[in-house]
Amino acid sequence: MRLGFLASHGGSAARHLTAACTDGKLDATAVVLISNNSRSPALAWAQGAGLQTAHLSSAKYPDPDDLDRAILGALTRAGADTLVLSGYMRELGPRVLGHYAGRVVNIHPSLLPRHGGRGMYGDRVHEAVLAAGDTESGATVHLVTQGIDEGPVLAQARVPVLPGDTLHTLKARVQATEGELMLRAVQNLGTRVSGQ
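Residues numbered from 1 in each chain as written. Predicted model: local features only at pLDDT ≥ 70, side-chain atom pairs only at ≥ 80, totals over all residues. Heavy atoms only, no water.

## Observations concerning the overall build of the protein
Here is step 1: Of regular secondary structure, the protein possesses six helices and seven strands.
Here is step 2: Starting at the N terminus and ending at the C terminus, the protein contains elements arranged as β-α-β-α-β-α-β-α-β-α-β-β-α.
Here is step 3: Here the C-alpha radius of gyration of the protein, 16 Å, is about what a compact globule of 196 residues would show, namely 16 Å.
Here is step 4: When its C-alpha atoms are laid out on the principal axes, the protein stretches across 50 × 40 × 35 Å.
Here is step 5: With 196 residues in all, the protein has 48% of them scored as buried.
Here is step 6: Summing over all exposed atoms, the protein offers an accessible surface of approximately 9400 Å²; the carbon and sulfur share of this is 51%.
Here is step 7: Computed over 18 positive and 17 negative side-chain charges, the inter-centroid distance for the protein is 4 Å. (Helix = DSSP H or I, 4+ residues; strand = E, 2+ residues; numbered from the N terminus. Rg over C-alpha atoms; globule rule 2.2 N^0.38 Å. Buried < 20%, exposed > 50% of the residue type's maximum accessible area, 1.4 Å probe, protein only. Areas by Shrake-Rupley, 256 points an atom, 1.4 Å probe, with all protein chains shown as cover. Lys, Arg positive; Asp, Glu negative; His and termini not counted. Charge placed at Lys NZ, Arg CZ, Asp CG, Glu CD.)

Quick look at the structure:
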């Protein structure tokens, strides 16, 4: 696999998977990271790590179709065959989704389908879990489709919601599962895709 990443902020999944490639835990090569945020720590990290990088945003490409075409162009020029969303805070366009159908993964900080959908990201998700009185939460890696958080689930990690949990304690417990969960899901996806 040749991995491409889309990130808006820190890019923790991109960092974790790239390290796994280097360490031999993942039979893949990290090739490119694209960010919609020119000041993204992920973009600076990727440049230092030797990945191809691009800053592609609606500020540069106000027409959504032009942005979709530019993202797809950058990914294909880098030879990416699998796409990982690493905290990417924008919807993908139909060109990227169509080209990478079945090979785009995202991680969501709840047990989908609970607490997913439009507007449910980051701290909002953990707040919703606590407000609902859920006894467990976790993280979900899923294939990305046109609907927000609606694609098939590839892997889940469960954590308890403890009495007295706050947004910060629950978030930390969920985030502690995310790197290895994403690694396992991408390993399994690679096995499945190569077996087709």
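## Concerning helix H5 (residues 123-132)
Here is step 1: Among all positions in H5, only Val125, His126 and Val129 are buried. Along the axis of H5, the buried positions cluster into a sector of 95 degrees, meaning they face one direction only.
Here is step 2: Looking one or two residues past H5, Gly133 carries a phi angle of roughly 70 degrees, positive in sign. (Arc of directions from axis to C-beta.)

## Let's talk about the nonpolar core
Here is step 1: Of all hydrophobic cores here, the largest spans 35 residues; its most connected members are Phe5, Leu17, Leu26, Leu33 and Met182.
Here is step 2: Elements supplying a minimum of two residues to this core: strand E1 (2-7), helix H1 (12-23), strand E2 (29-35), helix H2 (41-48), strand E5 (104-108), strand E6 (136-143), strand E7 (153-160) and helix H6 (167-194).
Here is step 3: The biggest single contributor to this core is H6, with eight residues.
Here is step 4: Leaving out residues up to four positions away in the same chain, Leu17 has contacts with Leu3, Phe5, Leu26, Val84, Met182, Leu183 and Val186.
Here is step 5: Formed by 23 residues, the second largest nonpolar core is a distinct cluster that contains Ala78, Tyr88, Tyr100 and Val104. (Core = buried A, V, L, I, M, F, W, Y, C linked by side-chain atoms within 4.5 Å. Contact = heavy atoms within 4.5 Å.)

## Points about the pairing of E1
Two faces belong to every sheet, and in a regular strand the side chains alternate between them.
Here is step 1: The element E1 is largely enclosed, with a buried count of five among its six residues.
Here is step 2: Direction of pairing for E1 relative to E2: parallel, over a ladder of six bridges. Each residue of the ladder has a partner; that of Gly4, found in E2, is Val32.
Here is step 3: Crossover E1 to E2 through H1 is right-handed. (Pairing = 2+ DSSP bridges. Right-handed = clockwise from strand over helix to strand, strands pointing away.)

## Focus on the pattern of salt bridges
Here is step 1: Evaluated as defined, the whole model comprises eight salt bridges.
Here is step 2: We note a salt bridge from Asp66 to Arg69, for which the minimum N-O separation is 3.2 Å. Of this pair, Asp66 and Arg69 both sit in helix H3 (residues 64-77), three residues apart, roughly one helical turn.
Here is step 3: Bridged by salt links that share partners, the residues Asp65, Asp66, Arg69 and Arg95 form one connected network. (Salt bridge = Lys/Arg side-chain N within 4 Å of Asp/Glu carboxyl O.)

## Thoughts on the sheet that holds strand E4 (residues 82-86)
Here is step 1: Taken in spatial order, the seven strands make up an open sheet running E3-E2-E1-E4-E5-E6-E7, and their pairing is mixed. Edge strands, defined here as strands with exactly one partner in the open sheet, are strand E3 (52-55) and E7. The average angle at which neighbouring strand axes cross in this sheet is 20 degrees, direction not considered.
Here is step 2: Helix-sheet contacts for H1 involve E1, E2 and E4, and the interaxial angle to E1 is about 160 degrees. (Axes fitted to C-alpha atoms, helices over the stretch in contact; angles between N-to-C directions.)

## Thoughts on the environment of Leu33
Here is step 1: Note on placement: Leu33 falls in strand E2.
Here is step 2: According to the relative accessible area criterion, Leu33 is buried, its value standing at 0%.
Here is step 3: Considering only alpha carbons, one finds Leu33 and Ala59, 26 residues apart in sequence, at a separation of 18 Å.
Here is step 4: When sequence neighbours within four positions are dropped, the list of residues in contact with Leu33 reads Phe5, Ala7, Ala14, Ala42, Leu43, Trp45, Ala46, Leu51, Gln52, Thr53 and Ala54.

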